[in-house]
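So the chains spell out like this:
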Amino acid sequence: MPEVNETDFAIVVFREDDGWDADVLPVAVTDDLKGFIRVLRQQPSIAGTIGLAGIDDYFFVAVRVVGSQISVLLSDIGAALDYPLAEQVLDYLEIPVPDEDDLDQVLPVGDLSIFADLGLDEMDLAAICSRLDFDSDDDPWDHVEDAVESIAVRLGFGPAMERALDTALGALRSPAAVAGEPVTGYEATFEPAMRAALAEAGAAAAAGDVPVGAVVVDGAGTVLARGRNRREADGDPTAHAELIAIRAAARAVGRWRLDGLTLVVTLEPCTMCAGAVTTARLSRLVFGAADPRAGAVGSVWDVVRDQRTSPVPEVIGGPLAAECRAVLTRFFGERR
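What counts, and at which threshold
Residues numbered from 1 in each chain as written. Predicted model: local features only at pLDDT ≥ 70, side-chain atom pairs only at ≥ 80, totals over all residues. Heavy atoms only, no water. Axes fitted to C-alpha atoms, helices over the stretch in contact; angles between N-to-C directions. Helix = DSSP H or I, 4+ residues; strand = E, 2+ residues; numbered from the N terminus. Parallel < 35°, antiparallel > 145°, perpendicular 65-115°, else oblique. Contact = heavy atoms within 4.5 Å. Nonpolar A, V, L, I, M, F, W, Y, C, P; charged D, E, K, R; others polar. Buried < 20%, exposed > 50% of the residue type's maximum accessible area, 1.4 Å probe, protein only. Pairing = 2+ DSSP bridges. Phe/Tyr/Trp six-rings, centres within 6.5 Å; stacked < 30°, edge-to-face > 60°.

Caption draft 1: Representation of the packing of helix H1 (residues 33-41) against helix H2 (residues 84-93) in the model. For the pair H1 and H2, interaxial distance at closest approach is 9 Å and the crossing angle is 75 degrees. Classified by the angle between their axes, H1 and H2 sit roughly perpendicular to one another. Between H1 and H2, the contacting residues are Leu-33, Lys-34 and Ile-37 on the first element and Leu-85, Gln-88, Val-89 and Tyr-92 on the second. Partitioning the contact of H1 with H2 into residue classes produces 5 nonpolar, 1 polar and 1 charged.

Right, dumping it as structure tokens:
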């Protein structure tokens, strides 16, 4: 029976008035599902408490506690053959441990809809689990933490999770991650679009407007529309980069429904722009820097992932966040 490994970690994620936060839990909970759940129940949280545990760089367990309801997911049923926590998950789910001969691929079990109300649907979560098949030729994750970070980014608490994993794994974290260099994998595919948005932000700054830029791209990553903050230039309080880009995209495709398209913006949208994202039926929102003062995609409010609106787009925060933040810091620093 495996002992606690140096790559094991357990993180609790919770929501307070000013947004999501994450803390490291004692690694001993990675060997005790009941203890893991008990710790999560003790953590106050507005939207329920999330626990994510990674074991031996092999599989992860996700637990969500909302009131009296407990949801559990195991990323690979095969882990129950060798690992106590995975076996306990199957016991909790009343699923028998499979025969080794019956396993030929990663098979997640439990509640795949565990995060559906937060914007990560069953198919996308299953796809994240499947990328932990290290024998696959289909671009597997390098580490379990990659899968956990991908979940965190999609749910809107990527930076908090990154800090917690840095604390939990210390020197085992890659130098790029510790140094805050550009993300890799799925999130990195949006960096070219984010650089186009940064160019728009630079144009806004040159015109005396707060440097926020946005682009709308199609499924192939082609830029269909661009926008930059023009409140000062146009004397229009609604002339935010997101709204200008969304309007331009609607003109470009000839319809107001923008399903299948992605809005990429350098700063987390405000309530007005977050509402426009849902109204336009955009399939995905990607933002660079978080806005702890007025962000409406997880920092202060979470308009985009409110289940009372439909459909809920995929949300990715963090690509080129440091560069997006630096543009704003430089702009306001020059005006002090």
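Caption draft 2: Representation of the environment of Ala-294 in the model. If you trace the backbone, Ala-294 turns up in the loop between strand E10 (284-289) and strand E11 (314-317). Look at Ala-294 and you get partly exposed, because its relative accessible area is 29%. Separated by 26 residues in the primary sequence, Ala-294 and Glu-268 place their C-alpha atoms 8.4 Å from one another. Excluding residues within four positions of it along the chain, Ala-294 makes contact with Pro-269, Cys-270, Thr-271, Val-300 and Trp-301.

Caption draft 3: Looking closely at the sheet that holds strand E9 (residues 262-267). On the basis of which strands lie adjacent, the open sheet formed by 5 strands has the order E8-E7-E9-E10-E11 and mixed pairing. One side of each edge strand has no neighbouring strand; the edge strands of this open sheet are strand E8 (223-228) and E11. Strand-to-strand twist in this sheet, taken as the mean axis angle between neighbours without regard to direction, amounts to 15 degrees. As paired strands, strand E7 (residues 213-217) and E8 are joined by 5 bridges and run antiparallel to one another. When the bridges of E8 are listed, Val-216 appears paired with Ala-225. On top of the sheet, helix H7 (residues 191-206) reaches E7, E8, E9 and E10; it is set at about 145 degrees to E7, its chief contact.

Caption draft 4: The arrangement of the sheet that holds strand E2 (residues 19-24) in detail. Spatially, the 6 strands line up as an open sheet ordered E2-E1-E3-E4-E5-E6, and their pairing is antiparallel. At either end of the open sheet lies a strand with only one pairing partner, and these are E2 and strand E6 (109-110). Direction of pairing for strand E5 (residues 69-74) relative to E6: antiparallel, over a ladder of 2 bridges. Note that in E6 the partner of Leu-73 across the bridge is Gly-110. H2 contacts strand E3 (49-55), strand E4 (59-66), E5 and E6 of the sheet and is inclined by roughly 130 degrees relative to E5.

Caption draft 5: Structural view of the packing of aromatic side chains. Here the structure, examined in full by the defined rule, presents 5 aromatic pairs. Ring centres of Tyr-58 and Tyr-83 lie 5.5 Å apart, and the angle between their planes is 55 degrees; this geometry places the pair in the tilted category. A residue pair is termed long-range when its members are at least 10 positions apart, and Tyr-58 in the loop between E3 and E4 and Tyr-83 in the loop between E5 and H2 qualify at 25 residues. For Tyr-58, a relative accessible area of 24% corresponds to the partly exposed category. You can call Tyr-83 buried: its relative accessible area is 11%. Taking the centre distance of 5.2 Å and the plane angle of 65 degrees together, the rings of Phe-59 and Tyr-83 count as edge-to-face. Separated by 24 residues along the polypeptide, Phe-59 in strand E4 and Tyr-83 in the loop between E5 and H2 bring together distant segments of the chain. Each of the two residues, Phe-59 as well as Tyr-83, counts as buried.

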